[in-house]
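Listed below are the residues making up each chain.
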Amino acid sequence: MKPTLTAKLLQTLAPWRNAPAWHVAFSGGLDSTVLLHLLATLAKSDKLPPLRALHVHHGLQAAADAWPAHCQAVCDALSVPLQVIRVQVQPGASLERAAREARYQAFAEVTGAGELLITGQHRDDQAETLLFRLLRGAGVRGLGAMPAQRPLADGYLVRPLLDVSRAELETYAREQPLTWIEDPSNADPRFSRNYLRHHVFPLLAQRWPQAVTTMARSAEHLHEAQGLLDELAQMDLLAASQAPAVAWLPLPSLALEPLATLSEARQRNALRHWLAPLTRLPDSEHWVGWSTLRDAKEDAQPLWRLADGQLHRCAGHLWWLPASWSEFSDAPVSWSHPQNPLQLPGNGHLQFSGNGPDGPLSIRYRQGGEIMELPGRGRRDLKRLLNESAVPGFIRGRLPLLYQGQQLLAVANLPGLAAVGHAPWQLHWMPPTCDQGLS
């Protein structure tokens, strides 16, 4: 016997029956109206978490101004509280994408720890997503289409109707009977998804009646394949997770050699997995930047520029530098009270352990040609000293230098580089944390 819509819904949402709250993304259209009605009906007979509807008003068309009132009437009839969220859609090349990003940003802001955001995408949406991404040349991850569940802020986004067809939802809506909003923009063929829905899929269904079902099944297979690729990437990245010599630098890094011994495909797979939380990934044509970085001479310091930062290679390690890395001032900073920590503009902060030297002191940054007078070693060129300490080249321009008058007294985080022999203090630099934009 074919399971009912309510049975499918309960089975899919079973892992979250004890969540603090369930939020329903409620546009007022057919899909979300059926979803909300199903959940509100279930709540009368089953013990469910508190239910709330969320309506996002994009303000993109005049007709949308009447939708919050319709949604409120539906929610009142179902005894479900409604929150209307108004968003600003940033203009860009794709209005569809900009609206989606604004919508999900709003959802993320109201989804609390452990809470659920439930959306009404169905099997037909899944097939459309697969074909749309296939036409854009997506890889395995993209062709896996929409996952049934994923993290969202501190909670989860769940799509419990991905195994349900649009026809099933329409049948349920007529039987109840339900009323819903017909968005005029859904008929506009200028939008890619609408063109696929109204012009391409009807032709496919004429020739292959099961096209939507089989394409949605393919998306499931590709999603599973991506899971295996992710597991492989985690294994490869574990082998490359060797601590660099500069342990005090809070930047994501990987050892190059374990990656370089892998096949090209496994290298790209591991790097995609590692870079995904850090930057928008390059398309296939721009992966040549990776091979250039990897194959550069050992004494070179190459970099690969990506959308949201740079990947550097130094001393056998890869280092990720976000775009915000350059957002700091290299102007000198006075340190009148060395007993207190010193905040550096865009560059973390400094403090002494032990009894620091008497002030006034100042912090400067490398300009080139600096000389240090080291006890027992005489006058030494700072560049050579940093080479000996294996300080990566990309960090040297923002490594704080401690001056007393015109004398270079110490280099932060390098205890051996102090002009005072057996000094009763050390200078500690805490670079900006990941939360401040370094990862």
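Bear in mind that the values here come from a model prediction, so they are computed numbers and not experimental data.

I would appreciate a short explanation of the sheet that holds strand S11 (residues 333-335) in the present structure.
Note: strands within a sheet are paired through backbone hydrogen bonds, in either parallel or antiparallel orientation. Strand order across the open sheet formed by four strands is S11-S14-S17-S18, with antiparallel pairing between neighbours. The open sheet has two edge strands, S11 and strand S18 (407-411), and neither has a second partner. On average, each strand axis in the sheet is inclined to that of its neighbour by 35°, with strand direction left out of account.

Is there a simple way to think about the pairing of strand S10 (residues 317-322) in this case?
Sheet faces and side chains relate simply in a regular strand, where the side chains alternate between the two faces. For S10, the buried fraction is high: six of the six residues fall into the buried class. Neither face of S10 is exposed, since His317, Trp319 and Leu321 on one face and Leu318, Trp320 and Pro322 on the opposite face are all buried. Pairing geometry for strand S7 (residues 253-255) and S10, over three bridges, is antiparallel. Looking at S10, one finds that Ala255 is bridged to His317. Pairing analysis gives six bridges linking strand S9 (residues 309-314) to S10, with the strands arranged antiparallel. Following the sheet pairing, Arg313 is matched in S10 by Leu318. As consecutive antiparallel partners, S9 and S10 are separated by two residues, and within that stretch Ala315 has a phi angle of approximately 50°, a positive value.

Looking at this structure, how should I read the sheet that holds S9?
One open sheet accounts for four strands, arranged S7-S10-S9-S8; its pairing is antiparallel. Among the strands making up the open sheet, the edge pair consists of S7 and strand S8 (303-306). The sheet shows a mean angle of 15° between the axes of neighbouring strands, direction not considered. Against the sheet, helix H11 (residues 264-275) touches S7, S8, S9 and S10, its axis set at about 35° to S10.

Can you walk me through the confidence of the model for the chain in this structure?
Keep in mind that low pLDDT regions are not for reading the predicted coordinates in detail. For the chain, mean pLDDT is 90; residues scoring 70 or higher make up 97% of the total. This stretch, residues 434-439, has a pLDDT under 50; its non-local contacts, to residues over four places away or in other chains, come to 17 contacts.

Whenever I open this one, the packing of helix H2 (residues 30-45) against helix H7 (residues 166-175) confuses me. Can you help?
Axis angle and axis distance: for two packed helices, these are the angle between their axes and the distance between the axes, and together they describe the pair. For the pair H2 and H7, interaxial distance at closest approach is 10 Å and the crossing angle is 60°. With respect to H7, the element H2 is oriented oblique. When the axes of H2 and H7 are compared, the crossing they make is left-handed. Every residue of H7 that contacts H2 at Leu30, Asp31, Val34, His37, Leu38 and Thr41 is listed here: Arg166, Leu169, Glu170, Tyr172 and Ala173.

Just checking my understanding: could you explain the pattern of salt bridges for this structure?
Think of it this way: side chains of opposite charge can pair up when their charged atoms draw near. On inspection of all chains with the given rule, the structure shows 17 salt bridges. Of the charged contacts in the structure, one is a salt bridge between Glu128 and Arg197, with a shortest N-O distance of 3.0 Å. Of this pair, Glu128 sits in helix H5 (residues 123-135) while Arg197 sits in helix H8 (residues 192-207), and the two are 69 residues apart along the sequence. For Arg197, a relative accessible area of 22% gives the class partly exposed. In this structure, Glu388 engages Arg380 in a salt bridge whose closest nitrogen and oxygen atoms are separated by 3.1 Å. Here the residues in one salt-bridge network are Asp124, Asp125, Glu128, Arg166 and Arg197, joined through shared partners.

How do you make sense of H7 when you look at a structure like this?
Among the residues of H7, those classed as buried are Arg166, Glu168, Leu169, Tyr172 and Ala173. Buried residues in H7, looked at end-on, bunch into an arc of 160°, giving them a common side. Seen from the buried face of H7, the exposed residues on the opposite side, beyond 90 degrees, are Arg174 and Glu175. Taken together, the buried residues of H7 touch helix H1 (5-13), H2, H5 and H8.

Explain the environment of Thr6 to me, please; I cannot follow it from the model alone.
Here Thr6 is to be found in helix H1. The exposure class assigned to Thr6 is partly exposed, which follows from its relative accessible area of 28%. Through-space distance from the C-alpha of Thr6 to that of Glu257 is 53 Å; in sequence the pair is 251 residues apart. Apart from residues lying up to four places away in sequence, Thr6 is in contact with Leu38 and Leu42. Here Thr4 takes part through its side chain, which lies 3.0 Å from a polar atom of the side chain of Thr6.

What counts and how
- Residues numbered from 1 in each chain as written.
- Predicted model: local features only at pLDDT ≥ 70, side-chain atom pairs only at ≥ 80, totals over all residues.
- Heavy atoms only, no water.
- Pairing = 2+ DSSP bridges.
- Helix = DSSP H or I, 4+ residues; strand = E, 2+ residues; numbered from the N terminus.
- Axes fitted to C-alpha atoms, helices over the stretch in contact; angles between N-to-C directions.
- Buried < 20%, exposed > 50% of the residue type's maximum accessible area, 1.4 Å probe, protein only.
- Contact = heavy atoms within 4.5 Å.
- pLDDT = per-residue confidence, 0-100.
- Parallel < 35°, antiparallel > 145°, perpendicular 65-115°, else oblique.
- Left-handed = near helix turned anticlockwise from the far one by under 90°.
- Salt bridge = Lys/Arg side-chain N within 4 Å of Asp/Glu carboxyl O.
- Arc of directions from axis to C-beta.
- Polar contact = N/O pair within 3.5 Å; in protein donor to acceptor, adjacent residues only side chain to side chain.

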